[in-house]
Amino acid sequence: MNSNGLTPMTRLEIVVDASDVSFVEQLLVAEGVTGWTGVPAASGFGHHGRSEGRLMFNDHTGPTMMVAVLPDAVLDGVLAGMREFFETRAGVMFVSETYVSRPEYFTAPVSAVSG
Amino acid sequence: MNSNGLTPMTRLEIVVDASDVSFVEQLLVAEGVTGWTGVPAASGFGHHGRSEGRLMFNDHTGPTMMVAVLPDAVLDGVLAGMREFFETRAGVMFVSETYVSRPEYFTAPVSAVSG
Amino acid sequence: MNSNGLTPMTRLEIVVDASDVSFVEQLLVAEGVTGWTGVPAASGFGHHGRSEGRLMFNDHTGPTMMVAVLPDAVLDGVLAGMREFFETRAGVMFVSETYVSRPEYFTAPVSAVSG
């Protein structure tokens, strides 16, 4: 990969039950994460208990995949909070290296990067 | 990325037609993968033939993105099985490095990690 | 990760508003990308402005996560085009290293790899 002009960051991929998304969101915000994207998962097993597709998109009560990108300065706090979360709640978390073209987008206050 | 306290694993991302998901799931289970998450894709081209959004979430007949994380000991068997699968079926597979905080979660029997 | 028999490629993950997907698709095609997969996102903030779940899968007007894998020869053109796009439009782009088993699949003309 040609990483010319790109800045390394950490990509967090968290799969939790839809009912836990707002808890995780609050943790991310409290630790300084500037954004995340949520994708409703429709099937799978193991990582979150077996679940199947649901009738309507809005009725999402199964697992949600949350993707967030953050700088190193924020990672330790998020990992500590998620480790504590996973002591009592189901889910998985994958941590990967990624690169972005606008690093300031992931370190500025939410109000400055929205929309 | 600060990988302190994290264990390296392999992240598999497989995009196949929804009708092939159960075949791939059986392959993953047979090779010892402990979990995966499925996300219904709504559009795209090339990787799985063109497809567009559908009327309801449950009517998913297009491509599905399957994400699984597994240890090295399991990777070779899965890759061999998927290569054989792709000889006759459409789809793509991406293999990436990732890190997890609870490696035992991805090597234990399914019954021990569900829900 | 055991990358034996696999070829390194670049994985692009782009989150844009659903109304911008066709523009990004045209850019990817023009630069020689052979395929992508689109996943409708249902929630999140910051990366694309806050959005919530919608009533039906087909009514997708919020953010879409687009995933494409491409060879190095194509990356610079795509990055340049996306940088220009982000000067006026909301969204994020993550660039990661990945590996594939069939590299020719990501460099051949679209007509040769579809379906």
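This one's a predicted model, so the numbers in the text were calculated from it and none came from an experiment.

Calculation rules
Residues numbered from 1 in each chain as written. Chains lettered and ligands numbered in written order. Predicted model: local features only at pLDDT ≥ 70, side-chain atom pairs only at ≥ 80, totals over all residues. Heavy atoms only, no water. Helix = DSSP H or I, 4+ residues; strand = E, 2+ residues; numbered from the N terminus. Buried < 20%, exposed > 50% of the residue type's maximum accessible area, 1.4 Å probe, protein only. Areas by Shrake-Rupley, 256 points an atom, 1.4 Å probe, with all protein chains shown as cover. Phe/Tyr/Trp six-rings, centres within 6.5 Å; stacked < 30°, edge-to-face > 60°. Lys NZ or Arg CZ within 6 Å of the ring centre and 35° of its normal. Polar contact = N/O pair within 3.5 Å; in protein donor to acceptor, adjacent residues only side chain to side chain. Patch = residues over 30% accessible without salt bridge, like charges linked within 9 Å, V, L, I, M, F, W, Y side chains within 5 Å. Salt bridge = Lys/Arg side-chain N within 4 Å of Asp/Glu carboxyl O. Lys, Arg positive; Asp, Glu negative; His and termini not counted. Charge placed at Lys NZ, Arg CZ, Asp CG, Glu CD. Expected span 1.5 Å × (residues − 1). Contact = heavy atoms within 4.5 Å.

K.L.:
I tried to follow the overall build of chain A on my own but got confused; where do I start?
P.N.:
Check the secondary structure of chain A and you find three helices and five strands. In chain A, the succession of helices and strands from N to C terminus is β-α-β-β-β-α-β-α. For chain A, the proportion of its 115 residues judged to be buried stands at 59%. Carbon and sulfur atoms provide 50% of the accessible area of chain A, an area that totals close to 4300 Å².

K.L.:
Explain the packing of aromatic side chains here, please?
P.N.:
How two aromatic rings sit relative to each other is given by the distance of their centres and the angle of their planes. A full pass over the atoms with the stated rule returns 12 aromatic pairs over all chains. Look at Phe-94 of chain A and Phe-106 of chain B: their rings are 5.9 Å apart centre to centre, the planes differ by 55°, and that puts the pair in the tilted class. Here Phe-106 of chain B lies in the loop between strand S5 (92–100) and helix H3 (110–113) and Phe-94 of chain A lies in strand S5 (residues 92–100), a pairing that spans two chains. A single burial state applies to Phe-94 of chain A and to Phe-106 of chain B, both of which are buried. Through pairs of rings, three or more aromatic residues link up here, namely Phe-23, Phe-85 and Phe-86 of chain A. Over the face of the ring belonging to Phe-86 of chain C we find Arg-102 of chain A, whose NZ or CZ atom lies 4.4 Å from the ring centre.

K.L.:
Just checking my understanding: could you explain the side chain of Thr-34 of chain C for this structure?
P.N.:
Residues and elements named next belong to chain C. Along the chain, Thr-34 falls in the loop between helix H1 (21–31) and strand S2 (36–40). Look at Thr-34 and you get buried, because its relative accessible area is 2%. Separated by 3.1 Å, the side chain of Thr-34 and the backbone oxygen of Tyr-105 make a polar contact.

K.L.:
Can you help me understand a negative patch on the surface in this one?
P.N.:
Residues Asp-72, Asp-76 and Glu-97 of chain A, Asp-72, Asp-76 and Glu-97 of chain B together with Asp-72, Asp-76 and Glu-97 of chain C make up a contiguous surface patch of negative charge. Only helix H2 (72–86) of chain A, helix H2 (72–86) of chain B together with helix H2 (72–86) of chain C provide two or more residues apiece to the negative patch. Within the fold, Glu-97 of chain A resides in strand S5. Look at Glu-97 of chain A and you get partly exposed, because its relative accessible area is 40%.

K.L.:
Sorry if this is basic, but what is going on with H2 of chain C here?
P.N.:
Because an α-helix packs 3.6 residues into every turn, residues spaced three or four apart end up facing the same way. All names here are of chain C. Look at H2: 21 Å from first C-alpha to last across 15 residues, which is about the 21 Å you get at 1.5 Å a residue. Of the residues making up H2, those classed as buried are Val-74, Leu-75, Val-78, Leu-79, Gly-81, Met-82, Phe-85 and Phe-86. Where H2 is buried, its residues meet strand S1 (7–17), H1, strand S4 (63–70) and strand S5 (92–100).

K.L.:
Just checking my understanding: could you explain the pattern of salt bridges for this structure?
P.N.:
Side-chain pairs of opposite charge can arise whenever the charged atoms involved come near each other. For the coordinates displayed, the defined rule picks out nine salt bridges over all chains. Here Glu-13 of chain A makes a salt bridge to Arg-11 of chain A, at a shortest N to O gap of 3.0 Å. Residue Glu-13 of chain A shares its accessibility class with Arg-11 of chain A, and that shared class is buried. In this structure, the salt-bridge partner of Asp-20 of chain C is Arg-89 of chain C, at a minimum N-O distance of 3.0 Å. Of this pair, Asp-20 of chain C sits in the loop between S1 and H1 while Arg-89 of chain C sits in the loop between H2 and S5; the two residues are 69 residues apart in sequence, bridging distant segments of the chain. On the basis of relative accessible area, Asp-20 of chain C is assigned to the buried category, the value being 9%. Judged by relative accessible area, Arg-89 of chain C falls into the partly exposed class, the value being 37%. Sharing partners across several salt bridges, the network here consists of Arg-11 and Glu-13 of chain A, Arg-11 and Glu-13 of chain B together with Arg-11 and Glu-13 of chain C.

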